Amino acid sequence: LFRARGFPELQRKVKDLIISQRWDEWLTNNSGNVLDGKENAACNIQVHVTTSKSKLMHTKAIEERVKETIGQIITNATTDNTIESDSSASCCIRLMVRIDRDVVQLSLDSSQTPLHRRGYRLKPHKAPLREDLAYALLMAGGLMPCWNLQPHFLTGDDSLGPEKQKQKMTLFDPFCGSGTIAIEGASLQMGLPPGRFRPPPLEGTAFSNTSLWEEMKSKALSVSRKDSLQVAAGDIDQKALDAAKSNARKAGVDECIDFVKGSFVLHPLLKDSKGENASRSVLIVANPPYGKRLSLSSPYKTAHSNIYRKLAKAISSISTSSRKIDYAIIGKDMRIMRESGMPLDVAFSTKQGGLNVAVMIGSLSPKQS
């Protein structure tokens, strides 16, 4: 952190920081060569600037000054190590420059894409739920990871302990869309690491350790399992189901999810209240249409309310004297959600797609059924 109220001061202090912290020693590409050359350094280091309530307000000009300074210093410090200036294979490093009330903070972005992107959702459908929000929604509903969350080097245990939380339950997503909830639920219980499709963090710097990253992924994948959890998902849109199936294949969980086209009230799971799985507990996790996905005209509230009433009726229909039903639902209007008649409590609130949303949870125990 340092203060800067003008471009000369900014460049001087960035230069001092680069020299004192020896950026030339950790700004490397995949081959281990130091990023060199003024043009090359500026091209391989992306500078992202945000500024608030400061004298320095022009983000593009700040970006240019920081790139120029980095290019000058790295060139002078690494004249013996060069890479091709037109090399497109070298890693791109993202430097974050945040200026708030004239205080400048420089930091490295650990990855080029937001961390909530798992890497499997190549075919998103309309208004997809963020992967990390789907994960939180599942945990709010009571679905817990089957692995030990402590790093192996802290516990000294190579086993992730998949038998510690063996749960006999069925996960049901009645509005699956791109399949995010179903995929996250299957992955979570199988013990598949969320970042298994992501590249190593801090690629392009000396801090990146590809071999360790691959070793950690291999250990986690070696103890994954396919038992204990049944996953059912449905949607009325065939295009949504096609996208969901494609995403599930990419995630490696397509064999664990039963996708069915049609209204959720006609789903086979709701007809099996007396079948062989009648004693199996059910977790319903849903992301019903809301907000911009439904018309904001007068029929909006009626259509929205009907969805929750139908869902409440469906939940009651699969209740038995020996089966527990848990549910977690995300929506925009808590009042309409409560009008459905389902017992609901607020788990947490957040933003999704620019809208304020709330996650509501509840359960029907066998005694209430």
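To be clear, the structure that these remarks concern was listed above.
Described below are features of the structure shown in this document. Here the structure is a predicted model, which is why all the values come from computation and not from measurement.

Relative orientation of the contacting elements helix H4 (residues 131-140) and helix H6 (residues 180-190) amounts to 65°, with a least axis distance of 9 Å. Crossing of H4 against H6: the hand is right-handed. For the pair formed by H4 and H6, the contact residues are Glu131, Ala134, Tyr135, Leu137, Leu138 and Met139 on the first element and Thr180, Ile181, Glu184, Gly185 and Leu188 on the second. Per-class residue counts for the contact of H4 with H6 are seven nonpolar, two polar and two charged.

Let's shift gears to the nonpolar core. Ranked by size, the top nonpolar core spans 36 residues in total, and within it Leu137, Val253, Ile257, Phe259 and Ile330 carry the most contacts. Among the elements that line this core, the one with the most residues is H6, at six residues. The residues touching leucine 137, leaving out its near neighbours within four places in the chain, are Leu129, Ile181, Val285, Ala286, Ala328, Ile329, Ile330, Phe348 and Val359. Listed in part, the 24 residues of the second largest apolar core include Val282, Ala314, Ile325 and Ile336.

Reading across from one edge, S1-S4-S3-S2 is the order of the four strands in this open sheet, with mixed pairing throughout. The open sheet has two edge strands, strand S1 (2-3) and strand S2 (45-52), and neither has a second partner. Of the pairings in the sheet, the one linking S1 to strand S4 (residues 103-108) comprises two bridges and is antiparallel in character. Note on S4: the bridge partner recorded for phenylalanine 2 is valine 104.

Among the six residues in strand S8 (residues 281-286), six count as buried, and that is most of the element. Neither face of S8 is exposed, since Ser281, Leu283 and Val285 on one face and Val282, Ile284 and Ala286 on the opposite face are all buried. Here S8 runs beside strand S9 (residues 325-331); their pairing, made up of five bridges, is parallel. Across the sheet, leucine 283 pairs through a bridge with aspartate 326, a residue of S9.

Of all five residues in strand S5 (residues 169-173), five are buried, a share of seventy percent or more. Here S5 shows a buried face lined by Met169, Leu171 and Asp173 and a second buried face lined by Thr170 and Phe172. Where S5 meets S8, four bridges bridge the pair, whose relative direction is parallel. Each bridged residue has a counterpart across the sheet, and for phenylalanine 172 the counterpart in S8 is isoleucine 284.

With that settled, the discussion passes to the side chain of threonine 51. With respect to the secondary-structure elements, threonine 51 resides in strand S2. On the basis of relative accessible area, threonine 51 is assigned to the buried category, the value being 19%. Only 2.6 Å separates the side chain of threonine 51 from the backbone oxygen of leucine 56, close enough to count as a polar contact. Filtering out sequence-adjacent residues up to four positions away, threonine 51 remains in contact with Leu56, Met57, Thr59 and Ile99.

Positive phi, normally seen in glycine, also occurs at aspartate 102, with a value near 70°. Assignment of secondary structure puts aspartate 102 in the loop between strand S3 (93-100) and S4. For aspartate 102, a relative accessible area of 11% gives the class buried. Positive phi, normally seen in glycine, also occurs at leucine 202, with a value near 60°. Checked against the element boundaries, leucine 202 lands in the loop between H6 and helix H7 (210-222).

The rules we used
- Residues numbered from 1 in each chain as written.
- Predicted model: local features only at pLDDT ≥ 70, side-chain atom pairs only at ≥ 80, totals over all residues.
- Heavy atoms only, no water.
- Axes fitted to C-alpha atoms, helices over the stretch in contact; angles between N-to-C directions.
- Helix = DSSP H or I, 4+ residues; strand = E, 2+ residues; numbered from the N terminus.
- Left-handed = near helix turned anticlockwise from the far one by under 90°.
- Contact = heavy atoms within 4.5 Å.
- Nonpolar A, V, L, I, M, F, W, Y, C, P; charged D, E, K, R; others polar.
- Core = buried A, V, L, I, M, F, W, Y, C linked by side-chain atoms within 4.5 Å.
- Buried < 20%, exposed > 50% of the residue type's maximum accessible area, 1.4 Å probe, protein only.
- Pairing = 2+ DSSP bridges.
- Polar contact = N/O pair within 3.5 Å; in protein donor to acceptor, adjacent residues only side chain to side chain.

Honestly, it's all geometry; don't read function into it.
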